[in-house]
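Letter by letter, the chains look like this.
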Amino acid sequence: MFLDKMKDRIGDFEGKLGICYIDINSRAGFTAGNCDVFPASGIIKLLILIEAFKRLNEGEINKNDTYILKADDYPKIREKSFSALEHIHIGAELTIEDLYKLNVIVSDNMAFNILLKLFGKDAVNDTLQEFGFKKTRINRAINDYAEITKGVQNYVSVQEMANLLLRMYEGQIISNAASKEMLEILCEHQKTSPLTYNFLESMKIAHQSGYDDNEIHDMGIVYGENPFILCMASSVPNTKNAESVMRDITMMCYQNSNKENPHLRTESEFTDSMGHGF
């Protein structure tokens, strides 16, 4: 019944769509849609976070290690983007912890690119390989137009990300302490996106989203009384329609895992929130 409703809502979706749902307590789940591997968009920020915690765990770096912003850290082409750092002056001093938190919490593109430069994409991909992820890869920096022109792309697998989040929930990514801290950072991710849209702020959601011209991705853990993992990705000509479908899918998954819905926003709360960025 639940899966039938899901398929009915997806219908004749125009574009590529990938969904992976896991009810954490029962381990029941499903995949749906017509695609598993997508251009990664902002989801790669989760991958660089994992690499940072791996190096912290191995003692290669320290949270308080400092980094001085340099002229070549700034984007060559200034455009509206997810970045706070590009508005900070050259020479500003940041810590490694500042960088990996900004990378996730405000989805800072410049913070991601700095960390990728420090760690190297080959090392990040080696770490992904160690965890058994064969499809998810970082191949270039964000907005590296020289590489983009060559067709170089970053990729993420919806199913691999669901597996990663389940293992993180169970404390198996890097270490139990590292997994817990990474999830706490993901809970601070500030973008209002399909996973968060239907819920009150009291709902704990650890997630990373990604937005590009024709891409909307959102992947995370919705805790609730009975937590579940939901990873969604789309490549579509109409991102508004994709976002609507994803919001509805999130609601269906929540109601499947939680019979009572104390964290859902009411109609009046949706109306009240219109002036607050929702």
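Residues numbered from 1 in each chain as written. Predicted model: local features only at pLDDT ≥ 70, side-chain atom pairs only at ≥ 80, totals over all residues. Heavy atoms only, no water.

Asker: When you look at the side chain of N125 in this model, what are you seeing that I'm missing?
Answerer: For N125, the position within the fold is in helix α5 (residues 121-130). For N125, a relative accessible area of 10% translates into the label buried. Excluding residues within four positions of it along the chain, N125 makes contact with R137, I138 and N139. (Helix = DSSP H or I, 4+ residues; strand = E, 2+ residues; numbered from the N terminus. Buried < 20%, exposed > 50% of the residue type's maximum accessible area, 1.4 Å probe, protein only. Contact = heavy atoms within 4.5 Å.)

Asker: What should I look at first to understand helix α2 (residues 44-57) in this one?
Answerer: For an α-helix, 3.6 residues make a turn, and residues three or four places apart therefore share a direction. Its 14 residues place the ends of α2 20 Å apart at the C-alpha level, agreeing with the 20 Å of an ideal helix rising 1.5 Å per residue. The element α2 is extensively covered by neighbouring structure, given that 13 of its 14 residues are classed as buried. Positive backbone phi, approximately 80°, marks G59, located one or two places after α2. (Expected span 1.5 Å × (residues − 1).)

Asker: Looking at this structure, I do not really get the confidence of the model for the chain. What am I missing?
Answerer: Reading predicted coordinates in detail is not appropriate for stretches of low pLDDT. Residues of the chain with pLDDT of at least 70 account for 91%, and the chain-wide mean is 91. The model gives residues 265-278 a pLDDT under 50, and that stretch makes 14 contacts with residues more than four places away or in other chains. (pLDDT = per-residue confidence, 0-100.)

Asker: Would you mind showing me how to read the pairing of strand β9 (residues 228-235) here?
Answerer: Along a regular strand, successive side chains alternate from one face of the sheet to the other. Of all eight residues making up β9, eight are buried, and the element is well covered by its neighbours. Burial of β9 is two-sided: the residues F228, L230, M232 and S234 facing one way and the residues I229, C231, A233 and S235 facing the other way are all buried. Both strand β1 (residues 16-23) and β9 contribute to a ladder of eight bridges, which runs antiparallel. Each residue of the ladder has a partner; that of C20, found in β9, is C231. Relative to β9, strand β8 (residues 215-222) runs antiparallel, the two being bridged by eight bridges. By the bridge assignment for β9, I221 is matched with I229. Where β8 hands over to β9, the hairpin turn is made up of five residues, of which G224 adopts a positive phi near 55°. (Pairing = 2+ DSSP bridges.)

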